[in-house]
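# A look at the structure
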Amino acid sequence: MSNPVRLQKYLAQCGIASRRKAEELIAAGKITIDGRVVTEMGVLVTPGREIITCQGRKIESREQFVYVLLNKPKGYVTTLADPQGRPVVTDLVQDIGARVFPVGRLDLDTEGALILTNDGSLAQKIQHPSHETNKTYEALVRGTPDPGKIALLQKGVLLEGKMTSPAKIRILSRQGTNCLLEITIHEGRKRQVKKMFSHIAHPVLQLKRTAYGKLSLSNLPIGRYRELNPSDLKNIFL
Ligand code: URA
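Keep in mind that this is a model prediction, so the values were computed, not measured.

### Considerations on the domain arrangement of the chain
Split by domain assignment, the chain resolves into domain 1 (5-58), domain 2 (67-128 + 217-235) and domain 3 (134-212). Put simply, the middle of domain 1 and the middle of domain 2, counted by C-alpha atoms, are 28 Å apart.

### Describing the environment of Ser 198
With respect to the helices and strands, Ser 198 occurs in helix 5 (residues 192-199). You can call Ser 198 partly exposed: its relative accessible area is 43%.

### Topic: the site of the ligand
Every residue close to the ligand is listed here: Leu 106, Asp 107, Thr 110, Tyr 137, Arg 191, Gln 192, Val 193, Lys 194 and Leu 207. Within the contact set of the ligand, an oxygen atom lies 2.9 Å away from a side-chain nitrogen or oxygen of Thr 110. Between the ligand and Lys 194 there is a distance of 3.0 Å, counted from an oxygen atom to a backbone nitrogen or oxygen. Its free accessible area being 230 Å², the ligand has 95% of it covered by the protein chains. The leading source of residues in the shell around the ligand is helix 5, at three residues. When the residues that make up the shell around the ligand are grouped by side-chain class, the tally is four nonpolar, two polar and three charged. Taken domain by domain, the makeup of the shell around the ligand includes at least three residues from each of domain 2 (67-128 + 217-235) and domain 3 (134-212).

Definitions and cut-offs
Residues numbered from 1 in each chain as written. Predicted model: local features only at pLDDT ≥ 70, side-chain atom pairs only at ≥ 80, totals over all residues. Heavy atoms only, no water. Domains from an automatic or database assignment. Helix = DSSP H or I, 4+ residues; strand = E, 2+ residues; numbered from the N terminus. Buried < 20%, exposed > 50% of the residue type's maximum accessible area, 1.4 Å probe, protein only. Near = heavy atom within 4 Å. Polar contact = N/O pair within 3.5 Å; in protein donor to acceptor, adjacent residues only side chain to side chain. Areas by Shrake-Rupley, 256 points an atom, 1.4 Å probe, with all protein chains shown as cover. Nonpolar A, V, L, I, M, F, W, Y, C, P; charged D, E, K, R; others polar.

Below, the structure is given as C-alpha coordinates:
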(Lines give C-alpha, C1' and ligand atoms only; values in the text may rest on other atoms or scores of the structure.)
Protein backbone atom coordinates (compact mmCIF):
# COMPACT_ATOMS: atom_id res chain seq x y z
CA MET A 1 0.00 0.00 0.00
CA SER A 2 1.16 3.54 -0.74
CA ASN A 3 1.98 6.38 1.61
CA PRO A 4 -0.75 8.83 2.60
CA VAL A 5 -1.24 11.63 0.11
CA ARG A 6 -3.38 14.78 0.06
CA LEU A 7 -6.76 14.14 -1.50
CA GLN A 8 -6.40 16.77 -4.25
CA LYS A 9 -3.01 15.33 -5.24
CA TYR A 10 -4.43 11.82 -5.27
CA LEU A 11 -7.31 12.90 -7.50
CA ALA A 12 -4.81 14.48 -9.87
CA GLN A 13 -2.65 11.34 -9.84
CA CYS A 14 -5.68 9.26 -10.76
CA GLY A 15 -6.26 11.48 -13.77
CA ILE A 16 -9.55 12.89 -12.43
CA ALA A 17 -8.54 16.52 -12.87
CA SER A 18 -5.63 18.90 -12.46
CA ARG A 19 -4.76 19.60 -8.86
CA ARG A 20 -6.49 23.00 -9.00
CA LYS A 21 -9.64 21.54 -10.57
CA ALA A 22 -9.55 18.73 -8.02
CA GLU A 23 -9.64 21.36 -5.27
CA GLU A 24 -12.72 22.87 -6.93
CA LEU A 25 -14.39 19.45 -7.01
CA ILE A 26 -13.63 18.98 -3.31
CA ALA A 27 -14.90 22.45 -2.40
CA ALA A 28 -18.08 21.80 -4.40
CA GLY A 29 -18.79 18.68 -2.31
CA LYS A 30 -18.40 16.30 -5.27
CA ILE A 31 -15.94 13.98 -3.54
CA THR A 32 -16.70 11.37 -0.89
CA ILE A 33 -14.35 9.29 1.21
CA ASP A 34 -15.93 6.09 2.55
CA GLY A 35 -19.38 7.55 1.93
CA ARG A 36 -18.75 10.90 3.63
CA VAL A 37 -18.65 14.14 1.62
CA VAL A 38 -15.35 15.91 2.14
CA THR A 39 -15.10 19.62 1.48
CA GLU A 40 -11.96 20.54 3.41
CA MET A 41 -8.59 20.62 1.63
CA GLY A 42 -5.59 18.59 2.55
CA VAL A 43 -7.35 15.49 3.90
CA LEU A 44 -4.90 12.61 3.72
CA VAL A 45 -5.89 9.41 1.95
CA THR A 46 -3.98 6.20 1.50
CA PRO A 47 -4.37 4.96 -2.05
CA GLY A 48 -6.04 1.57 -2.01
CA ARG A 49 -7.43 1.92 1.52
CA GLU A 50 -10.48 4.19 1.33
CA ILE A 51 -13.34 4.14 -1.15
CA ILE A 52 -13.30 7.50 -2.87
CA THR A 53 -15.95 8.68 -5.29
CA CYS A 54 -16.19 11.65 -7.60
CA GLN A 55 -19.73 12.67 -8.50
CA GLY A 56 -20.92 9.23 -7.45
CA ARG A 57 -18.37 7.31 -9.51
CA LYS A 58 -15.76 5.21 -7.70
CA ILE A 59 -12.19 6.27 -8.38
CA GLU A 60 -9.96 3.37 -9.18
CA SER A 61 -6.76 3.41 -7.21
CA ARG A 62 -4.33 2.69 -9.99
CA GLU A 63 -1.02 3.71 -8.61
CA GLN A 64 0.63 6.12 -11.00
CA PHE A 65 4.29 5.95 -11.76
CA VAL A 66 6.30 8.69 -10.17
CA TYR A 67 9.83 9.66 -11.19
CA VAL A 68 11.99 12.10 -9.32
CA LEU A 69 15.54 13.33 -9.52
CA LEU A 70 17.06 13.97 -6.10
CA ASN A 71 20.26 15.85 -5.39
CA LYS A 72 21.46 13.47 -2.70
CA PRO A 73 23.42 15.04 0.14
CA LYS A 74 26.41 13.29 1.72
CA GLY A 75 25.52 11.28 4.81
CA TYR A 76 22.39 9.63 3.35
CA VAL A 77 22.26 5.92 2.52
CA THR A 78 20.58 4.72 -0.68
CA THR A 79 19.03 1.64 0.92
CA LEU A 80 15.39 1.74 1.99
CA ALA A 81 16.21 1.17 5.65
CA ASP A 82 19.43 1.36 7.60
CA PRO A 83 20.11 -0.91 10.58
CA GLN A 84 22.54 1.73 11.89
CA GLY A 85 19.79 4.35 11.87
CA ARG A 86 21.49 6.69 9.41
CA PRO A 87 19.30 8.96 7.27
CA VAL A 88 17.93 7.28 4.14
CA VAL A 89 17.33 9.04 0.82
CA THR A 90 13.61 8.32 0.88
CA ASP A 91 13.37 10.61 3.96
CA LEU A 92 13.94 13.45 1.48
CA VAL A 93 10.99 12.57 -0.78
CA GLN A 94 8.37 11.86 1.89
CA ASP A 95 5.83 14.28 0.46
CA ILE A 96 5.49 12.82 -3.03
CA GLY A 97 2.72 10.44 -1.99
CA ALA A 98 4.13 7.26 -3.50
CA ARG A 99 6.45 4.56 -2.28
CA VAL A 100 9.50 5.14 -4.44
CA PHE A 101 12.87 3.45 -4.31
CA PRO A 102 16.30 4.60 -5.48
CA VAL A 103 17.58 3.42 -8.85
CA GLY A 104 21.05 2.08 -8.17
CA ARG A 105 23.24 3.36 -5.40
CA LEU A 106 25.49 6.19 -4.37
CA ASP A 107 27.99 5.82 -1.56
CA LEU A 108 27.28 7.43 1.81
CA ASP A 109 29.84 10.16 1.10
CA THR A 110 28.84 10.69 -2.56
CA GLU A 111 26.39 13.41 -3.42
CA GLY A 112 24.41 14.24 -6.52
CA ALA A 113 21.91 12.89 -9.00
CA LEU A 114 19.79 9.97 -7.83
CA ILE A 115 16.59 8.88 -9.57
CA LEU A 116 13.82 7.48 -7.39
CA THR A 117 10.73 5.84 -8.82
CA ASN A 118 8.04 3.23 -8.21
CA ASP A 119 8.39 2.05 -11.82
CA GLY A 120 10.33 -1.19 -11.60
CA SER A 121 10.76 -1.61 -15.33
CA LEU A 122 12.29 1.81 -15.86
CA ALA A 123 14.60 1.18 -12.90
CA GLN A 124 15.67 -2.09 -14.49
CA LYS A 125 16.19 -0.47 -17.88
CA ILE A 126 18.44 2.24 -16.40
CA GLN A 127 20.54 -0.35 -14.60
CA HIS A 128 20.68 -3.05 -17.24
CA PRO A 129 24.12 -3.15 -18.90
CA SER A 130 22.58 -3.57 -22.38
CA HIS A 131 21.26 0.02 -22.25
CA GLU A 132 24.69 1.42 -21.37
CA THR A 133 23.16 4.37 -19.55
CA ASN A 134 25.85 7.00 -19.13
CA LYS A 135 26.49 8.34 -15.68
CA THR A 136 28.61 11.44 -15.29
CA TYR A 137 30.53 12.32 -12.14
CA GLU A 138 32.70 15.15 -10.95
CA ALA A 139 35.60 13.71 -8.97
CA LEU A 140 38.01 15.76 -6.92
CA VAL A 141 41.14 13.63 -6.81
CA ARG A 142 44.42 13.93 -4.95
CA GLY A 143 47.19 15.28 -7.17
CA THR A 144 46.91 15.71 -10.93
CA PRO A 145 46.85 12.57 -13.08
CA ASP A 146 49.17 12.83 -16.07
CA PRO A 147 47.83 12.26 -19.59
CA GLY A 148 49.15 8.67 -19.60
CA LYS A 149 47.15 7.76 -16.53
CA ILE A 150 44.04 9.44 -17.85
CA ALA A 151 44.45 7.49 -21.08
CA LEU A 152 44.63 4.28 -19.05
CA LEU A 153 41.24 4.97 -17.46
CA GLN A 154 39.83 6.03 -20.82
CA LYS A 155 40.82 2.68 -22.33
CA GLY A 156 39.87 0.54 -19.35
CA VAL A 157 41.69 -0.91 -16.34
CA LEU A 158 41.55 -4.26 -14.61
CA LEU A 159 39.46 -4.01 -11.46
CA GLU A 160 38.88 -7.18 -9.48
CA GLY A 161 39.67 -9.36 -12.46
CA LYS A 162 37.46 -7.55 -14.98
CA MET A 163 38.32 -4.71 -17.36
CA THR A 164 36.32 -1.53 -17.01
CA SER A 165 34.62 -0.28 -20.16
CA PRO A 166 36.04 2.78 -21.88
CA ALA A 167 35.42 6.00 -19.95
CA LYS A 168 35.22 9.62 -21.04
CA ILE A 169 37.39 11.83 -18.87
CA ARG A 170 38.37 15.49 -18.91
CA ILE A 171 40.09 17.77 -16.47
CA LEU A 172 37.80 20.57 -15.29
CA SER A 173 40.12 22.54 -13.01
CA ARG A 174 43.10 22.39 -10.67
CA GLN A 175 42.31 22.99 -7.03
CA GLY A 176 45.58 23.64 -5.22
CA THR A 177 47.52 20.40 -5.51
CA ASN A 178 44.32 18.50 -6.34
CA CYS A 179 42.34 18.22 -9.52
CA LEU A 180 38.66 18.21 -10.44
CA LEU A 181 37.80 15.84 -13.28
CA GLU A 182 34.64 14.85 -15.10
CA ILE A 183 34.24 11.16 -15.79
CA THR A 184 31.44 9.42 -17.70
CA ILE A 185 30.97 5.67 -17.42
CA HIS A 186 28.07 3.37 -18.19
CA GLU A 187 28.86 0.58 -15.78
CA GLY A 188 27.63 0.65 -12.21
CA ARG A 189 30.02 -1.49 -10.24
CA LYS A 190 30.26 -0.83 -6.53
CA ARG A 191 32.53 2.16 -5.79
CA GLN A 192 33.70 2.02 -9.40
CA VAL A 193 34.83 5.62 -9.83
CA LYS A 194 36.77 5.59 -6.56
CA LYS A 195 38.41 2.29 -7.47
CA MET A 196 39.35 3.54 -10.94
CA PHE A 197 41.13 6.60 -9.58
CA SER A 198 42.74 4.63 -6.75
CA HIS A 199 44.04 2.29 -9.43
CA ILE A 200 46.06 5.14 -10.96
CA ALA A 201 47.12 6.33 -7.46
CA HIS A 202 44.96 9.47 -7.42
CA PRO A 203 42.35 8.70 -4.76
CA VAL A 204 38.99 10.43 -4.90
CA LEU A 205 38.53 13.06 -2.19
CA GLN A 206 35.00 14.10 -3.16
CA LEU A 207 32.50 12.63 -5.59
CA LYS A 208 29.33 13.99 -7.09
CA ARG A 209 27.11 12.47 -9.80
CA THR A 210 26.02 15.26 -12.10
CA ALA A 211 23.96 13.44 -14.74
CA TYR A 212 22.31 10.29 -16.02
CA GLY A 213 22.73 10.50 -19.80
CA LYS A 214 21.66 14.03 -20.71
CA LEU A 215 19.48 14.40 -17.63
CA SER A 216 21.55 16.64 -15.42
CA LEU A 217 21.11 18.08 -11.96
CA SER A 218 21.32 21.63 -13.35
CA ASN A 219 20.74 23.96 -10.43
CA LEU A 220 18.75 21.59 -8.21
CA PRO A 221 19.84 22.42 -4.64
CA ILE A 222 21.37 19.68 -2.46
CA GLY A 223 18.67 17.76 -0.59
CA ARG A 224 15.91 18.81 -3.02
CA TYR A 225 14.18 16.82 -5.74
CA ARG A 226 12.17 17.55 -8.84
CA GLU A 227 9.60 15.42 -10.64
CA LEU A 228 10.66 14.16 -14.05
CA ASN A 229 8.54 14.58 -17.16
CA PRO A 230 8.53 12.31 -20.24
CA SER A 231 11.24 14.33 -22.00
CA ASP A 232 13.47 14.11 -18.90
CA LEU A 233 12.98 10.34 -18.98
CA LYS A 234 14.07 10.21 -22.62
CA ASN A 235 17.17 12.24 -21.79
CA ILE A 236 18.36 9.53 -19.39
CA PHE A 237 19.09 7.28 -22.35
CA LEU A 238 20.83 9.88 -24.58
N1 URA B 1 31.35 5.36 -8.03
C2 URA B 1 31.79 5.41 -6.75
O3 URA B 1 32.92 5.11 -6.46
N4 URA B 1 30.91 5.80 -5.80
C5 URA B 1 29.65 6.18 -6.06
O6 URA B 1 28.93 6.55 -5.14
C7 URA B 1 29.21 6.13 -7.40
C8 URA B 1 30.09 5.71 -8.37
